[in-house]
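Single-letter residue listing:
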Amino acid sequence: MRKLRKILLSTIFALTVSTTFFANTAGTQTVTAASGTAVTFKRKVIAYRTGSVYNFVPIGNAADNRRALNLLMEGNEKKVININNNIHIDTYLRPGNNTTINAGKHTITSDKGVIINDPTAASYTNFKNLTISAGIWKMSSSNGLAGTMMRISYASNISINNATVYTNYKGHGIELISCSNVVVNNCTLKAQGKCSKTCVELQIDLSSPTTAPGLYRLSKKLCNGTPCKNITVKNCTIQGARGICANFAGAGNESKYRKARNYHSNITIENCNVTGISAEAIALFNTKSATVKNCRITTKTPKSRNSYSVGLAVAYQKGSAPKATTKTKNVISLTNNTVKGGQQGIFVRSNASKKLGTVIVSGNTVSAKKGKKNAIKVLSAKKVKIAKNKTKKW
């Protein structure tokens, strides 16, 4: 492993390391390590390795903690990083392929974001096989980050489980750009600071200069409009200006990214509690197939904000949409949810050149502040099934 000096230990032993750390409070922490290989960085032990498993040992300085973890995570070999202490890092961790990060009940405090990858090619398989398990991920500032805490792009086979992520209302807790086969399970995403009008806790993005400016700065070739597909969000609690949003490209110079090939597909949101404070709780734009079921969806946005006050919105924006079809690959299914909105509870519409395919709205309890008749509205779909819903004024 680059830049790491390995010290082979010939006998089984236990070693106590006393190290200063700066997470929430300063002090000393004792770590008892099992047998294996001690891995050093700057002449300090940073981990004990058993096979492909590394038990990380904080070394005090935030920048050195980040550098040490990145050294352990780099490369394509399969590896498991166990974070067994509260730690402080100065900026993003950059895991390599085939990495599992186990943070347990510990807090990872950063001065600027926590997880990021920098793709080198516009391919779903450019970065793959990352698992983030548990941990409390937050900023050193109590206002959170007005940016993205976890940004994952051009990636596949990604799992984020049992994690709590804090960010500012103007930022994203998790942003997925041009990703495939992602599961976000049993996570809590919380906004901090003063509420903005439209930013999103969990953002599902395509790659364009406005939706992915960080990628555009890396290389213009990375911003070719690749959408997300096969994204599952389940058993999560999410609160933000918007809770969850599948995004679309801007107007004007970005109209070329509003084609059928730029539409997200197979987005599943299940058993989640999602709240929008100043915009929609869930907004799925330019998404040709999605399932939202068994969720509690609430927007606290005043109905005077019009479309932003919808609880659950699905919309094709202006541009060249996919061909309307009733085949299973082009279905919007909204079932067994409890939805509270302002102008509408559930609103489905195409503003594009073509209608949506099949839209199913069934078994929901839907409330709208604008009245019972406005609880559910489905417009511009080739086939519509609305059945067994309960509607009311909220």
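Quick notes on the rules
Per chain, residues are indexed from 1 in the order of the written sequence. Side-chain atom pairs in this predicted model are given and counted only at pLDDT of 80 or more, local residue features only at pLDDT of at least 70, and totals for whole chains, interfaces and linings cover all residues. Note that the side-chain values use all heavy atoms of the structure and ignore hydrogens as well as water. In this description a helix means any DSSP run of H or I spanning at least four residues, a strand means any run of E spanning at least two, and both kinds are numbered starting from the N terminus. C-alpha atoms define the radius of gyration in this analysis, and the globule rule sets the expected value at 2.2 Å times the number of residues to the power 0.38. Only protein chains enter the calculation, and the probe is 1.4 Å; a residue is then buried if its accessible area is under 20% of its type maximum, exposed if over 50%, and partly exposed in between. Pairing between strands requires that DSSP locate at least two bridges from one strand to the other. Nonpolar side chains (Val, Leu, Ile, Met, Phe, Trp, Tyr) within 5 Å and like charges within 9 Å form the patches, drawn only from residues with over 30% relative accessible area and no salt bridge. Under the convention used here, a 1.4 Å probe and the Shrake-Rupley method define accessible areas, while residue burial counts only the protein chains that appear. Salt bridge criterion: a side-chain nitrogen from Lys or Arg within 4 Å of a carboxyl oxygen from Asp or Glu. When charges are counted, neither His nor the chain ends are considered; positive counts come from Lys and Arg and negative counts from Asp and Glu. The atom standing in for a charge is NZ when the residue is Lys, CZ when it is Arg, CG when it is Asp and CD when it is Glu. Here a residue-residue contact requires only that any non-hydrogen atoms of the pair lie within 4.5 Å. We call Phe, Tyr and Trp rings a pair once their centres come within 6.5 Å, taking the six-membered ring for Trp, and we label the pair stacked below 30 degrees between planes, edge-to-face above 60, and tilted otherwise. Only lysine NZ and arginine CZ atoms are considered, and such an atom sits over a ring when it is within 6 Å of the ring centre and within 35 degrees of the ring normal.

A. Representation of the overall build of the protein chain within the structure. If you tally the helices and strands in the protein chain, you get two helices and 35 strands. Since a compact globule built from 394 residues should have a radius of gyration of about 21 Å, the 23 Å found for the protein chain is in line with a globular shape. Principal axes of the C-alpha set define a box for the protein chain whose edges measure 75 × 40 × 35 Å. Of all 394 residues assigned to the protein chain, the portion counted as buried reaches 56%.

B. Structural context of the sheet that holds strand β33 (residues 376-378). If you trace the nine strands from one edge of the open sheet to the other, you get β10-β12-β15-β18-β21-β24-β27-β30-β33, paired in parallel fashion. Of all the strands in the sheet, just β10 (115-116) and β33 have a single pairing partner and so form its edges.

C. Representation of a positive patch on the surface. A grouping of Lys303, Lys370, Lys377 and Lys393 is seen on the molecular surface, where their side chains present a positively charged patch. Relative to the helices and strands, Lys377 is located in strand β33.

D. Structural view of the side chain of Asp205. Assignment of secondary structure puts Asp205 in strand β18 (residues 200-205). One buried charged residue, Asp205, forms no salt bridge at all, with the nearest opposite charge on Arg151 at 9.1 Å. Ignoring any residue separated from it by four or fewer positions in sequence, one finds Asp205 in contact with Glu175, Leu176, Ile177, Ser178, Thr211, Thr226, Cys228, Asn247 and His264.

E. Just the pattern of salt bridges, in detail. Summed over the entire model, instances satisfying the criterion amount to seven salt bridges. Measuring nitrogen to oxygen at the nearest pair gives 2.8 Å for the salt bridge that ties Arg66 to Asp90. With a gap of 24 residues between them, Arg66 in helix α1 (residues 62-73) and Asp90 in the loop between β8 (87-89) and β9 (99-110) connect regions that are remote in the sequence. Beyond isolated ion pairs, a larger network of salt bridges with shared partners links Lys42, Asp64 and Arg67.

F. Layout of the pairing of strand β21 (residues 242-246). Burial analysis of β21 places five of its five residues in the buried class, which makes it a mostly covered element. Across four bridges, β18 lies against β21 in parallel orientation. Bridging across to β21, Gln203 finds its partner in Cys245. As judged from the three bridges shared by β21 and strand β24 (residues 282-285), these two strands associate in the parallel manner. Along β24, the bridge assignment pairs Ala246 with Leu284.

G. Spotlight on the packing of aromatic side chains. By the definition in use, this model includes two aromatic pairs. Residues Tyr263 and Tyr316 carry aromatic rings whose centres are separated by 5.0 Å and whose planes lie at 85° to one another, so their mutual orientation is edge-to-face. Taken together, the residues span a long stretch of sequence, with Tyr263 in the loop between β21 and β22 (265-270) and Tyr316 in strand β27 (residues 312-316) at a distance of 53 residues. No difference in accessibility class separates Tyr263 from Tyr316, as the two residues are buried. The side chain of Lys369 reaches across the aromatic face of Trp394, ending 4.6 Å from its centre.

H. Region of the structure containing unusual backbone geometry. Positive phi, normally seen in glycine, also occurs at Asn235, with a value near 60°. Residue placement: Asn235 occurs in the loop between β19 (229-234) and β20 (237-240). Notably, Asn306 is not glycine yet its phi reads approximately 55°, a positive angle. Tracing the backbone through its elements, the reader meets Asn306 in the loop between β26 (296-299) and β27. Judged by its relative accessible area of 43%, Asn306 is partly exposed.

I. Broad picture of the environment of Gly250. Secondary-structure assignment places Gly250 in the loop between β21 and β22. Taking the C-alpha atoms as reference, Gly250 lies 9.8 Å from Gln317; in sequence the two are 67 residues apart. For Gly250, the residues in contact, after removing those within four places along its chain, are Thr210, Ser255 and Arg258.

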